[in-house]
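# Structural overview
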Amino acid sequence: MLDSRNRRVDYWIMYTPSRRHFLAGGSALAGCLAMPRLRSLRAEERAALPVPPELRADATGAVRLSIDQGSRTWVAAGPTPTFGFNGDYLGPAIRTRRGERIDVTVDNTLEETATVHWHGLIIPGEADGGPHNRIAGKASWHARLEIDQPAATCWYHPHNYPSTAEQVLKGLAGLFIIEDEESAGLGLPQTWGVDDIPLILQDRRFNADGSFFHRFNMIAITTGYIGDRLLVNGVEYPYAVVASGWLRLRLLNGSNARSYRVAAADGRDLFVIAGDGGLLEAPVRVKEVALSSGERFEVLVDARDGLPFDLVTLPVTDQVGMNLPPFDQPLPFVTLRPLGAAGTGRLPDRLAALPALPAALPPLTQEFVLKMRRDAEGMALLKQAGLGMGGMKMEDGATMGGITPMSMSMPMGPDPAVVERMTQLIVEGPVLTLGDQLSANEINGAAFDMTVKGFQAPRGELLRWAVSEGTDNMLHPFHMHGCQFRIISIGDKPPPAHLAGWKDTAVINSGGRAEFLVRFERTASERYPYMAHCHILEHEDSGMMTQFSVA
């Protein structure tokens, strides 16, 4: 592989994993194009990192979005049909300030129904853009957004049930950035695309005709979508010429299901300054940051030395199915070349004042228990595909939905025969009927049904809620609409420092449980309720979602 100075390096040597990895799927088989390994890309073939254009309200407070159909070419087979906001793929970065009121008009030019959900915004249910805010094909929708929350990196995407996964996959996603006076006065990097860099990570897989692969089969409802290419802002392994100073990276995991472990290839420190809902109290120094589907982090990295470096995603060890080539080894996804003028941004010692958690917690009044009804069936398929293959070793004592998961001894890499079998399951597994899809997963004993009235939460009260898995041991990023909450505990332990700020997504795994404090400041009617769901979109689109009103 070529590093940012066009020298051949082996990132596998630089980052040899010390733990065993789950295996479930791989490179393309019949019906999908084989992925070229990124190390085969020549410097002259690489594209510059696209920077989403900024979109602010006009003098009347109006913003207009159009849900469009288009195409882009990623593979030799030809153009890929896509969706996009105000373009052919992804969308502009909408920028607002706290205290601003904006009127958004969304024109749906597609033939199919869509919605636009403002992920992370604290707004009423009627403007939230959940599955009840449907925009018919060739129709428009108006939403008034009153921005009253701290500076944060949020995003927007469809939430149409049960086609959220496919519409996001085709390209419907964009950043929604909130600013405020407190964050503006900290001296953070803030020149868009120069020292304030948006990075939207998405894995994708292509069919033989160039179209995006997506198939609701047993693997999809078990593991979620498994791609074999990594796109950043819609481009594979781009480079970016940036300021030679402190860089602010706005990381969004826009993938349907895949989690990432982001690190600098040269081992330099990352400083987490913000999570889903805004700034932390102080920067948190880390070597890597994990992002599950839907999560955002703002990270500062010191590039004052002027040396180019890659960002990589390290192999994920706790999410079944996500350790197939090329994700079986550290995978570079963008090269940052600090060749520009010195930036003026800095790393502050202190960031934001967060309210202290109460010494006496309120009583637990709501728990969401996630369950995969066909987990054992899905895991049995994965186990069967890996049995008897050379190099396979079973994790002692580990279970998942009653099935012992597969893992591998590294660094020799996955057995090609296992990869082939896993890929065949992903690509060729029989499509479920719509009824089987919609009943595959549940929350609190019921698969999602838009016609069934949800529970009601009080407005303005500090609440202690929890999410757990019961007998389910899969990874689930649990997202709630209409709020930003504070995590009290993950398992029996307080959250790590970089998860101690405002969040709208809490990740549980291995039979885990998380508790959080939440207060709803806006109302949500029974007609336009808030959602609570797993943000693995194939889980969401197969029943792992519930709804509730706030009054």
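Residues numbered from 1 in each chain as written. Predicted model: local features only at pLDDT ≥ 70, side-chain atom pairs only at ≥ 80, totals over all residues. Heavy atoms only, no water.

## Looking at the sheet that holds strand 35 (residues 545–550)
Inclusion rule: When DSSP finds two or more bridges between two strands, those strands count as paired. Helix numbers and strand numbers start at the N terminus; a helix is a DSSP run of H or I with at least 4 residues, a strand a run of E with at least 2. Axis lines are fitted through C-alpha atoms, for helices just across the contact stretch, and the angle between N-to-C directions can take any value from 0 to 180 degrees.
Taken in spatial order, the five strands line up as 27-35-34-29-32 in an open sheet, and their pairing is mixed. Lying at the two open borders of the sheet, with one neighbouring strand each, are strand 27 (455–457) and strand 32 (505–508). The mean angle between the axes of side-by-side strands here comes to 25°, regardless of whether they run parallel or antiparallel. The pairing of strand 29 (residues 476–480) with strand 34 (residues 530–534) spans three bridges and is classified as antiparallel. The residue of strand 34 that forms the bridge with Phe478 is Cys534.

## Description of the environment of Arg346
Put simply, the rule is: Whether two residues are in contact is decided by their heavy atoms, any of which lying within 4.5 Å being enough. Here a polar contact is taken to be a pair of N or O atoms separated by no more than 3.5 Å, where protein atoms must pair a possible hydrogen donor with a possible acceptor and residues adjacent in sequence count only if both atoms sit in side chains.
Within the secondary structure layout, Arg346 lies in the loop between strand 22 (331–337) and strand 23 (364–372). For the pair Arg346 and Leu186, spaced 160 residues apart in sequence, the C-alpha to C-alpha distance is 8.2 Å. Once you skip the residues sitting within four places of it in the chain, Arg346 turns out to touch Leu186, Gly187, Leu188, Pro189, Trp246 and Leu300. From its side chain, Arg346 meets the backbone oxygen of Leu186 in a polar contact 3.3 Å long.

## Quick notes on the pattern of salt bridges
For clarity, the cut-off: Basic side-chain nitrogens of Lys or Arg form a salt bridge, by our definition, when they fall within 4 Å of a carboxyl oxygen of Asp or Glu. Partly exposed residues are those whose accessible area sits between 20% and 50% of the maximum for their type, while under 20% is buried and over 50% is exposed, using a 1.4 Å probe and protein chains only.
Here the structure, examined in full by the defined rule, presents 34 salt bridges. Taking the shortest distance from any N to any O, the salt bridge between Lys503 and Asp276 comes out at 3.0 Å. Placement of Lys503 in strand 31 (residues 502–503) and of Asp276 in the loop between strand 17 (270–275) and strand 18 (278–286) is noted, with a sequence separation of 227 residues between them. With respect to class, Lys503 is no different from Asp276; both count as buried. Measuring nitrogen to oxygen at the nearest pair gives 3.8 Å for the salt bridge that ties Arg519 to Glu521. In this structure Glu521 comes out as partly exposed when scored by relative accessible area, which is 40%. Because the salt bridges share partners, they merge into one network encompassing Glu54, Arg56, Arg95, Arg97 and Glu179.

## Points about the sheet that holds strand 22
Paired through their backbone hydrogen bonds, the strands of a sheet run either parallel or antiparallel. Spatially, 14-22-21-16-19 is the arrangement adopted by the five strands of the open sheet, whose pairing is mixed. Of all strands in the sheet, those bounded by a partner on one side alone are strand 14 (239–241) and strand 19 (288–291). The mean angle between the axes of side-by-side strands here comes to 20°, regardless of whether they run parallel or antiparallel. Pairing analysis gives five bridges linking strand 21 (residues 309–313) to strand 22, with the strands arranged antiparallel. Each residue of the ladder has a partner; that of Leu311, found in strand 22, is Val334.

## Notes on the environment of Pro79
Along the chain, Pro79 falls in strand 4 (residues 78–85). For Pro79, a relative accessible area of 52% translates into the label exposed. The sequence separation of Pro79 and Asp209 amounts to 130 residues, and the corresponding C-alpha distance is 8.5 Å. Every residue in contact with Pro79, bar those within four places of it in the chain, is listed here: Ser71, Arg72, Thr73, Asp209 and Gly210.

## Some points on the pairing of strand 10 (residues 174–179)
On a regular strand, each side chain points to the face opposite its neighbour's, so the side chains alternate between the two faces of the sheet. Counting buried residues in strand 10 gives six out of six residues, a clear majority hidden from the surface. The alternating pattern of strand 10 places Gly174, Phe176 and Ile178 on one face and Leu175, Ile177 and Glu179 on the opposite face, and all of these are buried. Judged from the four bridges that link them, strand 5 (residues 93–97) and strand 10 form a sheet pairing that is parallel. From the neighbouring strand, Thr96 faces strand 10, where its bridge partner is Ile178. The pairing of strand 9 (residues 152–157) with strand 10 spans five bridges and is antiparallel. Bridge pairing in strand 10 links Thr153 to Ile177.

## Comments concerning helix 7 (residues 416–428)
Quick reminder of the rule: The span you would expect from a helix comes to 1.5 Å times its residue count less one.
Between its terminal C-alpha atoms helix 7 stretches 17 Å, which fits the 18 Å expected from 13 residues at 1.5 Å a residue. Capping the start of helix 7 is the job of one residue whose side-chain oxygen sits 2.8 Å from the backbone nitrogen of Ala417: Asp415.

## Details of helix 6 (residues 375–386)
How we decide: Here the arc refers to the set of directions running from the helix axis out to each C-beta atom.
Between its first and last C-alpha, helix 6 extends 17 Å over 12 residues, near the 16 Å set by a 1.5 Å rise per residue. Of the positions making up helix 6, those classed as buried are Asp375, Gly378, Met379, Leu382, Ala385 and Gly386. Looking down the long axis of helix 6, one finds its buried residues gathered within 120° of arc, a one-sided arrangement.

## Points about the packing of aromatic side chains
Just so we agree on the cut-off: Any pair of Phe, Tyr and Trp rings, taking the six-membered ring for Trp, is counted once the centres come within 6.5 Å. Such a pair is stacked with planes under 30 degrees apart, edge-to-face with planes over 60 apart, and tilted for the rest. Our definition puts a charge over a ring when NZ of Lys or CZ of Arg is within 6 Å of the ring centre and also within 35 degrees of the ring normal.
Following the criterion strictly, the structure yields 22 aromatic pairs and no others. Taken together, a centroid distance of 5.7 Å and an interplanar angle of 75° make the contact between Trp246 and Phe271 edge-to-face. On the criterion of sequence distance, the pair formed by Trp246 in strand 15 (residues 246–253) and Phe271 in strand 17 is long-range, its members being 25 residues apart. Note on Phe271: relative accessible area 11%, which makes it buried. A cation sits over an aromatic face here: Arg204 above Phe212, 5.8 Å from the ring centre. Residue placement shows Arg486 over the ring face of Trp502; its charged tip is 5.5 Å from the ring centre.

## Here we look at the packing of helix 6 against helix 7
Short version of the rule: Working rule for angles: under 35 degrees goes down as roughly parallel, over 145 as roughly antiparallel, 65 to 115 as roughly perpendicular, anything else as oblique. Two helices crossing with the near one rotated counterclockwise from the far one by less than a right angle form a left-handed crossing, whereas a clockwise rotation gives a right-handed crossing.
For the pair helix 6 and helix 7, the least separation of the axes is 8 Å and the interaxial angle reads 150°. Of the possible angle classes, the one that applies to helix 6 and helix 7 is roughly antiparallel. In this structure, helix 6 meets helix 7 at a crossing whose hand is right-handed. Residues Leu381, Leu382, Gln384, Ala385 and Gly386 of helix 6 form the contact with helix 7, whose own contacting residues are Val418, Arg421, Met422 and Leu425.

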